[in-house]
Amino acid sequence: MTAGNAHDDALLSVRDLRTHIDTGDGRLHAVDGVSFDVAAGETVCLVGESGSGKSVTCESITGLVPSPPVNVVGGSATFDGESLLGRSDRELRAVRGTRIAHVFQNPQRALDPVYTVGEQVAEPVAIHGTQNGETPRDRAVDLLRRVGIPRASERADDYPHEFSGGMQQRVAIAIALAADPDLVIADEPTTAVDVTVQARLIDLFRELTDDETALLLVTHDLRVTASLADRVLVMYGGTILERGPVGDVFSMPAHPYTQALFGSYGERQESTDPRPARGDVPTDGCRFRGECPHAVDACTGGDQPAFHPVEDDPAHAASCVHYAPDGDSSSIRAAAAASSPTGSESPSDASLSPDPTRSDDSRPGVDTDE
């Protein structure tokens, strides 16, 4: 499936999505012409530095952006053949949480402080029922156990403030899965958890996609991307610069920005570049041209460059003038091997997958409350 062309088997289809944010300093083009598909049972990962538009893209799809000052100004998003944009809040509530579930980066956005976590996980089960006759309480405890909450039957009666940040994230994942959604949109769902719990959550997400649940995943972690993704979308400046199967993008990062992004990851495969996407990203031509070592006059003006196949493979494409039929991408290709996280290996064969025997207790922000 290619992200630029509509496919009948796409569960979610996004075309030329544009979202603007009105600020005191003017209008920010937060999402600027984003197009992609997600099929049933497929995992698509959105990767890119902070501020590149990943979260706003996901929240624009289901009408969760605060309007104003954030406004979806163009494009389309269809889910199972039905348009999502322009629908009323009531109509969207019938889809959100049942067929499309969100896992937010900040779990406090999803948890109500006056209800126990068990009540919050059980609520969508009570509303929508279960397939195997479980009681809502039993289903809630089972989900809490699956996401790695120790003593789940006891802790189901605790309140969100009695959980650490990492454990609140796990509860938020359990709530998202409670109604057996067709699509899970997960924004950094494995942050602030130790590597053992991360591995458990990765296995859980794999089980979901094996059951034909689709996953749209936002993550900074290349290990998680390598472990879960079928396809990767690389975002910068509100738009997608490269797309393709995870093995192709990891072994041959084709766009200069992808190379820079991958090169910013250290030995532990976590971003060592704290800079957000710059505020002076141009709104015409290639959004990355201001920092691209390969920028030429053709990168300026007009729309973001068209996607061109990499290695004659239409599934792997880069939005770069150098990959056009009359371009010369030789110097960019030469730099690909140096920035590849895997070299000639596929991601699943390389050392990117989480190692459950390794402790990350010394890493700031990691939740080790077991």
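Remember, predicted model here, so these are calculated numbers, not experimental data.

1. A word on the overall build of the chain
Thought 1: Looking only at helices and strands, one finds 11 helices and 12 strands in the chain.
Thought 2: With 370 residues in all, the chain has 54% of them scored as buried.
Thought 3: Taking all contacts inside the chain whose residues are at least 6 apart in sequence as the whole, residues at least 24 apart take part in 66%.
Thought 4: Approximately 15,900 Å² of the chain is accessible, and the part contributed by carbon and sulfur atoms is 47%.

2. A word on the pairing of strand β10 (residues 239-245)
Thought 1: Of all seven residues making up β10, six are buried, and the element is well covered by its neighbours.
Thought 2: The sheet contact formed by strand β9 (residues 231-236) and β10 spans six bridges and is antiparallel. Residue V234 lies in a different strand from β10, and its bridge partner there is E242.
Thought 3: Between the end of β9 and the start of β10, which pair antiparallel, lie two residues, with G237 showing a positive phi angle near 60°.
Thought 4: Of the pairings in the sheet, the one linking β10 to strand β12 (residues 313-319) comprises two bridges and is antiparallel in character. Bridge pairing links E242 to A318 in β12.

3. Side note on the nonpolar core
Thought 1: Residues V121, L144, V171, I173 and V232 are the most contacted members of the largest nonpolar core, which totals 58 residues.
Thought 2: The element that contributes the greatest number of residues to this core is helix α6 (residues 165-177), accounting for seven residues.
Thought 3: When sequence neighbours within four positions are dropped, the list of residues in contact with V171 reads L111, V117, V121, L144 and I149.
Thought 4: Membership of the second largest hydrophobic core comes to 27 residues, among which are V34, I61, L85 and A214.

4. Notes on the sheet that holds strand β2 (residues 26-39)
Thought 1: The sheet built from four strands is open, its strands ordered β2-β1-β4-β5 with antiparallel pairing. Strands at the two margins of the open sheet, each flanked by one partner only, are β2 and β5 (82-83).
Thought 2: Where strand β1 (residues 10-23) and strand β4 (residues 70-79) come together, eight bridges link them in antiparallel fashion. Across the sheet, the residue bridging to H20 is N71, located in β4.

5. So, the environment of P66
Thought 1: Within the secondary structure layout, P66 lies in the loop between α1 (54-61) and β4.
Thought 2: Judged by its relative accessible area of 48%, P66 falls in the partly exposed class.
Thought 3: P66 sits 45 residues away from I21 along the chain, and the two C-alpha atoms are 9.7 Å apart.

Conventions used here
- Residues numbered from 1 in each chain as written.
- Predicted model: local features only at pLDDT ≥ 70, side-chain atom pairs only at ≥ 80, totals over all residues.
- Heavy atoms only, no water.
- Helix = DSSP H or I, 4+ residues; strand = E, 2+ residues; numbered from the N terminus.
- Buried < 20%, exposed > 50% of the residue type's maximum accessible area, 1.4 Å probe, protein only.
- Contact = heavy atoms within 4.5 Å.
- Areas by Shrake-Rupley, 256 points an atom, 1.4 Å probe, with all protein chains shown as cover.
- Pairing = 2+ DSSP bridges.
- Core = buried A, V, L, I, M, F, W, Y, C linked by side-chain atoms within 4.5 Å.

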